[in-house]
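Residue strings, one per chain:
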Number of protein chains: 2
Amino acid sequence: MQSFELDKSDLLKIKRALEEDDAALKELISEYHPSEIAILFESLSQESRERIISILPAELASEVISEMDSEFHPEKLLENLHPERRSEIVEELDYDDATDIISQLPEEQQREILQELDEEDASNIRSLLKYEEDTAGGLMNTQVIKINEYLIKKDAIEEIIHQSEEMEEFYTINVINDQNILLGIVSLKDIIKARNNVRIKELIKSDFVYVKADTDQEEVAKLISQYNLTSIPVVDDEMHLLGRITFDDVIDVMEEENTEDILKISGVSEDEELAGNWKEAVKSRLPWLVLNLGTAFLAASIIRYFDSTIASLGVLAGYMVIIAGMGGNAATQALAVTVRRISLNDLSDNQAYRTVLKEFTVGLINGATIGFIVFLFALFYDQNPMLGIVIFIAMTGNLIIAGIAGSAIPLVLKRVGIDPAIASSIIITTFTDVFGFLLLLGLASKLIL
Amino acid sequence: MQSFELDKSDLLKIKRALEEDDAALKELISEYHPSEIAILFESLSQESRERIISILPAELASEVISEMDSEFHPEKLLENLHPERRSEIVEELDYDDATDIISQLPEEQQREILQELDEEDASNIRSLLKYEEDTAGGLMNTQVIKINEYLIKKDAIEEIIHQSEEMEEFYTINVINDQNILLGIVSLKDIIKARNNVRIKELIKSDFVYVKADTDQEEVAKLISQYNLTSIPVVDDEMHLLGRITFDDVIDVMEEENTEDILKISGVSEDEELAGNWKEAVKSRLPWLVLNLGTAFLAASIIRYFDSTIASLGVLAGYMVIIAGMGGNAATQALAVTVRRISLNDLSDNQAYRTVLKEFTVGLINGATIGFIVFLFALFYDQNPMLGIVIFIAMTGNLIIAGIAGSAIPLVLKRVGIDPAIASSIIITTFTDVFGFLLLLGLASKLIL
């Protein structure tokens, strides 16, 4: 089986069916898995999406909406639906998905939708809307399996089957006391294996991992990945069970955080949507370019300062670009390795120190190697050995600085609590531009002219 | 609960205990979770690691080894162990983990270790060693729960409990026929809910996701993430059940693939280990720098060609650096957004076309904006309106080219089957260097001088 990929024939079939009546369209669409329909939606107009959502069975419609990537604005599909139909769909959604989607709408509309829902659903979603989007509370689902510690085996199994009726999947069975305080977890397997008169209390695994509602989502992802958990309970300060976060939510968080890292390291605002339009892209990237323009002027002012040096030795202009360029590349390499390493694991002070030392060594060796090649060029092509020596020193020096800056800047940022990925290649590159120009032109003006 | 972070006091305690006798050391270490010990190992010497592994209970030792990041070479801990002790530990490992670790050793040692194992374990590991590391076969565990379609409820539950005895966790129950052909899956919940005389055959969910042993691991990760699966069965061409891959293996694959993307896009070989030493880093990065040196010479040769232009208008050297630099940054931005988007989802031809069009528009607007700022500078600071106009045109042109190159190059690479992340910022940047210099110096030589 292959993961679903948008096939022209699928899309063509659907586009044709969109011109036919609702019954034919509904029949065709129902052949696909909800996550496949969600992907097909990405290539359809808003109007077509709305029509399909309005004719599908409420359960399937809600699954499609919950599978849609937030970049394609599932919330917009709710806006124009008939209120009754809309409640039907929202009530089929898991509370966490419903909350995520509704939270994207203006407050006015949020209130309207919540009023249409039955009281239990509305109050559950209202309480979830209070949590920050990127915390455990914002990620959790309030539908959990929970059984009282004093239940005996038979009653526990009955209770689990009853509670799981409305849930697609469950992974962990939470054990609580009469005050809804979470005591531990137990596996269905252990309950089934136990003798018939056992009380759940005796089966509890009390050494388990849980998170508070305000825990950062990145922290939750680390826990799930580190301890290989399918699901993790969320509690308040008094250990009352509030909900659960499952591994599939965390996979989405990881994708999101990785996207942010790649974008930030490349000087793009983390909230630019990958499939966004040009207006969003300009808004997200122009400020970084303007910021960089300031630093580019700094680099240019160094060149201006050595105006006469360049005028008397014209070939310097070309070498200057080579040295600055290689410095920028070496810095980007060191930066990528260091930022990625920090984002997977925190480094101790000693590890941080050794990282910078390593990058210094790498810069020295790569700088000397590249510097030697360029030295040979200056020697044989430009017939200027002194120029060659100056270039060798400048190249080596610049690549050492590149290594140190590329590793130390993100490490220091992390220690003072700033996201290290913000030390984008854009900023680091200007750093090596300035030093590259200074080294080459400064040395040339002293040693050659 | 917080995810485990290396705390100086933990490390200090352990370093102190390393100077004491085995009993005290063993007691201290046993307080930690295996995945925590694996993280602590990263800060200990090879010698200390070996000592700890040799004194821990075999089960705990094997869990620590399986939790270690491959960058820290868990296989090296097996090399110096007493053969008997080594078999004990390897036999406690899941087959997939044992295979991953053993496959890192030289063939001689692999054979030695396999000979020490009992026949069943050895033959299981031998058969797993045949699969490529980055395929479903290389990722799968052969320990699965499988029950015959004709079992009745009571016998099925007994069989499941019996088979799961040796497994830490299971998620899916596979249903097979007498020929070990996979017919479908069934959930424990459905079995428990069913009437007493039901046959498993009647409960089978036959519409399920599975993969072939040679499926690429990236494909497996996409399926698990798209269909929110805890585990996915692996079969051969005749649908014989070979094993299963679980979500936690896939989380590791995703981290790995994301690391590769970030490294490649920054011009670092994908197989550089983040925590590797300077020798590995030089080996992984120097070839890219040398490759880039070639393209940097190309950029420099354009500057040489316009030697006399720069000599007659000295300020050009500074502006040249600004225009090339801004082009490089804009290209890196477009590249990061495009590469990340492709790696999450394939784009249809139409989506690809619209992506390039979007980047063209972004380049035009950002280029004209930045160009206008620099134009003002040339106008008021250098008092040279014609130079300002040339700069404006060159900046706008270069940022348009940056947008098109940054998006089109990875899209084309993907279509011809090359990893798009290889279009690293290093290569794209030289591209914009060359065009930036050509535009500015070419226009200046025609229009100003």
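Reading guide: rules and limits
- Residues numbered from 1 in each chain as written.
- Chains lettered and ligands numbered in written order.
- Predicted model: local features only at pLDDT ≥ 70, side-chain atom pairs only at ≥ 80, totals over all residues.
- Heavy atoms only, no water.
- Helix = DSSP H or I, 4+ residues; strand = E, 2+ residues; numbered from the N terminus.
- Rg over C-alpha atoms; globule rule 2.2 N^0.38 Å.
- Buried < 20%, exposed > 50% of the residue type's maximum accessible area, 1.4 Å probe, protein only.
- Contact = heavy atoms within 4.5 Å.
- Areas by Shrake-Rupley, 256 points an atom, 1.4 Å probe, with all protein chains shown as cover.
- 1 Å grid on protein atoms, 1.4 Å probe; cavity = no way out; pocket = protein on both sides within 12 Å on 5 of 7 lines; lining within 4 Å.
- Points joined across faces, edges and corners; volume = space filled by probe spheres on them.
- Nonpolar A, V, L, I, M, F, W, Y, C, P; charged D, E, K, R; others polar.
- Buried area = accessible area lost by both parts, 1.4 Å probe.
- Salt bridge = Lys/Arg side-chain N within 4 Å of Asp/Glu carboxyl O.
- Polar contact = N/O pair within 3.5 Å; in protein donor to acceptor, adjacent residues only side chain to side chain.
- UniProt positions renumbered as here; feature names shortened; annotations may be inferred.
- Pairing = 2+ DSSP bridges.
- Axes fitted to C-alpha atoms, helices over the stretch in contact; angles between N-to-C directions.
- Phe/Tyr/Trp six-rings, centres within 6.5 Å; stacked < 30°, edge-to-face > 60°.
- Lys NZ or Arg CZ within 6 Å of the ring centre and 35° of its normal.
- Least-squares fit on C-alpha atoms with pLDDT ≥ 70 in both.
- Parallel < 35°, antiparallel > 145°, perpendicular 65-115°, else oblique.

With that settled, consider the overall build of chain A. Scanning chain A for helices and strands turns up 21 helices and six strands. Relative to the 2.2 N^0.38 estimate, which gives 22 Å for 449 residues, the radius of gyration of chain A is 30 Å and therefore markedly larger than a compact globule would have. Across its three principal axes, chain A shows a C-alpha extent of roughly 90 × 60 × 45 Å. For chain A, the residues scored as buried account for 57% of the 449 residues in total. By sequence separation, contacts in chain A at least 24 residues apart represent 67% of the contacts at least 6 residues apart. As displayed, chain A has an accessible area near 19200 Å², and 52% of this comes from carbon and sulfur atoms.

With that settled, consider empty space enclosed by the protein. Over the atoms a probe the size of a water molecule is rolled, and this reveals where empty space is left. One pass over the structure, following the stated rule, counts seven cavities of 30 Å³ or more. Volume-wise, the largest cavity comes out at about 480 Å³. Surrounding the largest cavity, 32 residues form its lining, Gly325(A), Thr429(A), Asp433(A), Thr429(B) and Asp433(B) being those nearest its centre. Those elements that provide at least two residues to the lining of the largest cavity are α16 (278-305), α18 (316-344) and α21 (425-447) of chain A together with α16 (278-305), α18 (316-344) and α21 (425-447) of chain B. Among the residues forming the lining of the largest cavity, the class breakdown is 13 nonpolar, 17 polar and two charged.

Moving on: the interface of chain B and chain A. In this complex, chain B contributes 118 residues to the contact, which on the side of chain A involves 118 residues. Between chain B and chain A lies a buried interface of about 10400 Å² when both sides are counted; carbon and sulfur atoms form 64% of it. Two residues, Arg285(A) and Glu359(B), come together in a salt bridge whose shortest N-O distance is 2.8 Å. If you look at where chain B meets chain A, you find 24 residue pairs in polar contact (both at pLDDT 80 or more). The greatest single-element share of the side of chain B that touches chain A, amounting to 17 residues, is contributed by α18(B).

All names here are of chain A. The positions UniProt marks with the feature "transmembrane region" (unreviewed entry) are residues 286-306, 318-339, 360-381, 387-413 and 425-444. Within the segment residues 360-381, helix and strand shares are 95% and 0% respectively, and the terminal C-alpha atoms sit 31 Å apart. Along residues 425-444 the backbone is 100% helical and 0% strand, and the end-to-end C-alpha distance reaches 28 Å.

We now examine the pairing of strand β6 (residues 241-246) of chain B. Residue and element names in this part refer to chain B. Counting buried positions over the six residues of β6 gives five, a clear majority of the element. In this structure, strand β5 (residues 231-235) lies alongside β6, joined through five bridges in antiparallel fashion. Looking at the pairing, Val-235 lines up with Leu-241 of β6.

We now examine the layout of surface pockets. The space that makes up the second largest pocket amounts to roughly 860 Å³. Looking at the second largest pocket, it is lined by 31 residues, and the ones nearest its centre are Glu42(A), Phe72(A), Arg341(B), Gln351(B) and Arg354(B). Residue composition of the lining of the second largest pocket, grouped by class: eight nonpolar, eight polar and 15 charged.

Before going further, it helps to spend a moment on the sheet that holds strand β1 (residues 146-148) of chain A. Hydrogen bonds between backbone groups are what pair the strands of a sheet, and the pairing can be parallel or antiparallel. Residues and elements named next belong to chain A. A sheet is described by the order of its strands in space; here three strands give the open sequence β1-β2-β3, paired in mixed fashion. Each edge of the sheet is formed by a strand with only one pairing partner; in this case those strands are β1 and β3 (182-186). On average, each strand axis in the sheet is inclined to that of its neighbour by 35°, with strand direction left out of account. Here strand β2 (residues 173-176) pairs with β3 via four bridges, running antiparallel. The residue bridging Val-175 from the neighbouring strand is Gly-184, located in β3. Running over the sheet, helix α12 (residues 153-164) touches β1 and β2 and is turned about 155° from β1.

On to the packing of aromatic side chains. In total, this model carries 13 aromatic pairs over all chains according to the counting rule given. A centroid spacing of 4.6 Å and a plane angle of 45° characterise the contact between Phe297(A) and Phe377(B), whose relative ring orientation is tilted. Placement of Phe297(A) in helix α16 and of Phe377(B) in helix α19 (residues 349-380) is noted, with the two residues assigned to different chains. Since its relative accessible area comes to 29%, Phe377(B) is described here as partly exposed. When the ring of Phe377(B) is compared with that of Tyr381(B), the centres are 4.8 Å apart and the planes differ by 20°; the resulting orientation is stacked. Judged by relative accessible area, Tyr381(B) falls into the exposed class, the value being 55%. An aromatic cluster is defined as three or more aromatic residues linked by ring pairs; in this entry it consists of Phe297(A), Phe377(B) and Tyr381(B). Here the basic side chain of Lys279(B) rests over the ring of Trp278(B), its NZ or CZ set 5.8 Å away from the ring centre.

Turning chain B through 180° and shifting it by 0.0 Å along the axis lays it on chain A, with an RMSD of 0.1 Å. With respect to symmetry, the two chain copies, as superposed, fit the operation of a two-fold axis. Both copies present the same face, since 100% of the interface residues in chain B are matched by interface residues at the equivalent positions in chain A.

The next subject is the packing of helix α2 (residues 22-29) of chain B against helix α4 (residues 46-55) of chain B. All names here are of chain B. Where α2 contacts α4, the axes come no closer than 10 Å and their chain directions differ by 85°. Judged on the interaxial angle alone, α4 and α2 are roughly perpendicular. Residues Asp-22, Leu-25, Lys-26 and Ile-29 of α2 lie in contact with α4, whose contacting residues are Arg-51, Ile-52 and Ile-55. Each residue belonging to the contact of α2 with α4 can be placed in one class, and the counts come to four nonpolar, no polar and three charged.

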